[in-house]
Amino acid sequence: MSTFVCHQSSDAIKKWKPTDPGQQQHITEAIVTFVAENLQSLSIVESKAFSKILAIAEPRYQMPSRKYLSNILLSNRHDKICTDIICKLSKVSQICLTMDIWSNRQMRSFLGVTAHFINNFNLESVMLACCRFHGSHTGENILHQYEAITTSFNIHDKVKSVITDNAANMLKAIILPDLPPDDDEKDDEDIEEDEFQPVQVPEISYKTLKTEHHTCFAHTVQLIVVDGLKQAEHINRVLGKNSKLVSHV
């Protein structure tokens, strides 16, 4: 009998409209933040357990649908973040970018670009892009992506330097875009991190370049270690066996 009465009282509670200001909007914004920052599945808003928590905390709250969360709420949050970043970068005179391409286990390539700048005497960093990279990893394709990203954030004329790995295609994209493509530039399915080797760069006067290019020191050290291990047969053999063991597990 008591269960029936509780159910009746719960149904009698009037739900807020999804567009109502105040707590409805505040809770919805908190859910969007929770999903985005913790990489939660979008289906969490359809979870009965999650809905029960919200119903206990605030019975008047109206849970957004998965479609509304995906198409509207997350899109609006993305646009707001981009607008805030553009506003912040508009007050900065010079920016340094770090840029890298990597592939996941399904051999799908992604491009990451992060901006570093000084704001009110504080060093700050913001991620400008982490997006799929389609096609071959040629200098021309990388240059197109680079220009699209810097233009969308209105920083094309503010980039002082770009730091990448030692790959020849990265070098061509940033400071030598007019060089002809190499025959050995590979597609997404064939690219391997340890195939990237330092390239011999012709003498360039960086004073004539609008954007400087620097290779990542950590990546250079990593290449040295890899080359050194190749010369150490015993260590290389042990590492190979351990690698096979880890893959098997």
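Refer to the structure presented above.
These figures come from a predicted structure and were not determined experimentally.

So, how was this worked out
- Residues numbered from 1 in each chain as written.
- Predicted model: local features only at pLDDT ≥ 70, side-chain atom pairs only at ≥ 80, totals over all residues.
- Heavy atoms only, no water.
- Salt bridge = Lys/Arg side-chain N within 4 Å of Asp/Glu carboxyl O.
- Helix = DSSP H or I, 4+ residues; strand = E, 2+ residues; numbered from the N terminus.
- Buried < 20%, exposed > 50% of the residue type's maximum accessible area, 1.4 Å probe, protein only.
- Pairing = 2+ DSSP bridges.
- Axes fitted to C-alpha atoms, helices over the stretch in contact; angles between N-to-C directions.
- Contact = heavy atoms within 4.5 Å.
- Lys, Arg positive; Asp, Glu negative; His and termini not counted.
- Core = buried A, V, L, I, M, F, W, Y, C linked by side-chain atoms within 4.5 Å.
- Parallel < 35°, antiparallel > 145°, perpendicular 65-115°, else oblique.
- Nonpolar A, V, L, I, M, F, W, Y, C, P; charged D, E, K, R; others polar.

Caption draft 1: Local environment of the pattern of salt bridges. Per the stated rule, a full pass over the model turns up four salt bridges. Close ionic contact of Arg77 with Glu29 constitutes a salt bridge, the shortest N to O distance being 2.7 Å. With Arg77 in helix α4 (residues 66-89) and Glu29 in helix α2 (residues 23-37), this residue pair connects regions lying 48 residues apart in the sequence. Residue Arg77 is classed as buried on the basis of its relative accessible area, which comes to 19%. Taking relative accessible area as the criterion, Glu29 reaches 37% and is therefore assigned partly exposed. The closest approach of N and O atoms between Lys88 and Glu124, which form a salt bridge, is 3.0 Å. Here Lys88 is found in helix α4, whereas its partner Glu124 is found in strand β3 (residues 122-132), with 36 residues between them in sequence.

Caption draft 2: Main features of the sheet that holds β3. Strand order in the open sheet formed by five strands is β3-β2-β1-β4-β5, with mixed pairing between adjacent strands. The strands lining the two open edges of the sheet, one partner per strand, are β3 and β5 (212-215). Adjacent strand axes in the sheet meet at a mean angle of 20 degrees, parallel and antiparallel pairs treated alike. With four bridges joining them, strand β4 (residues 159-164) and β5 adopt parallel strand pairing. Paired with Val162 across the strands is His213, a residue of β5. In the packing of α4 onto the sheet, the strands contacted are β1 (95-103), β2 (109-119) and β3, and the crossing angle to β3 comes to about 135 degrees. Set on the sheet, helix α5 (residues 139-152) makes contact with β1, β2, β3 and β4; between it and β1 the angle comes to about 135 degrees.

Caption draft 3: Region of the structure containing the side chain of Lys158. One can find Lys158 in the loop between α5 and β4. Despite being buried, Lys158 has no salt bridge partner; Asp157 is the closest side chain of opposite charge, sitting 9.2 Å away. With residues near it in sequence (within four places) discarded, Lys158 still touches Leu89, Ser90, Lys91, Val92, Ser93, Gln94 and Ile95.

Caption draft 4: Main features of unusual backbone geometry. In this model, Leu39 sits at a positive phi of 50 degrees, which is unusual for a non-glycine residue. For Leu39, a relative accessible area of 76% translates into the label exposed.

Caption draft 5: Quick peek at the nonpolar core. By size, the foremost hydrophobic cluster in this structure holds 28 residues, and its most contacted members are Leu97, Met99 and Leu128. Looking at this core, the elements with two or more residues in it are α4, β1, β2, β3, α5, β4 and α6 (168-174). Ignoring any residue separated from it by four or fewer positions in sequence, one finds Met99 in contact with Leu111, Gly112, Val113, Ile142, Tyr146, Val162, Ile163, Thr164, Met170 and Ile174. Core analysis: the second largest hydrophobic core is formed by 13 residues, Ile44, Val45, Leu69 and Leu73 among them.

Caption draft 6: View of the environment of Leu69. Along the chain, Leu69 turns up in helix α4. Separated by 27 residues in the primary sequence, Leu69 and Leu42 have C-alpha atoms spaced 7.4 Å apart. Beyond its immediate stretch of four places on either side in the chain, Leu69 contacts Val32, Val35, Leu42, Val45 and Leu74.

Caption draft 7: Representation of the packing of α2 against α4 within the structure. Axis separation between α2 and α4 bottoms out at 11 Å; the angle between their running directions is 85 degrees. When the axis of α2 is compared with that of α4, the two are roughly perpendicular. Together, Thr28, Glu29, Val32, Thr33 and Val35 of α2 and Leu69, Leu73, Leu74 and Arg77 of α4 make up the contact between the two elements. Taken together, the residues that form the contact of α2 with α4 break down as five nonpolar, two polar and two charged.

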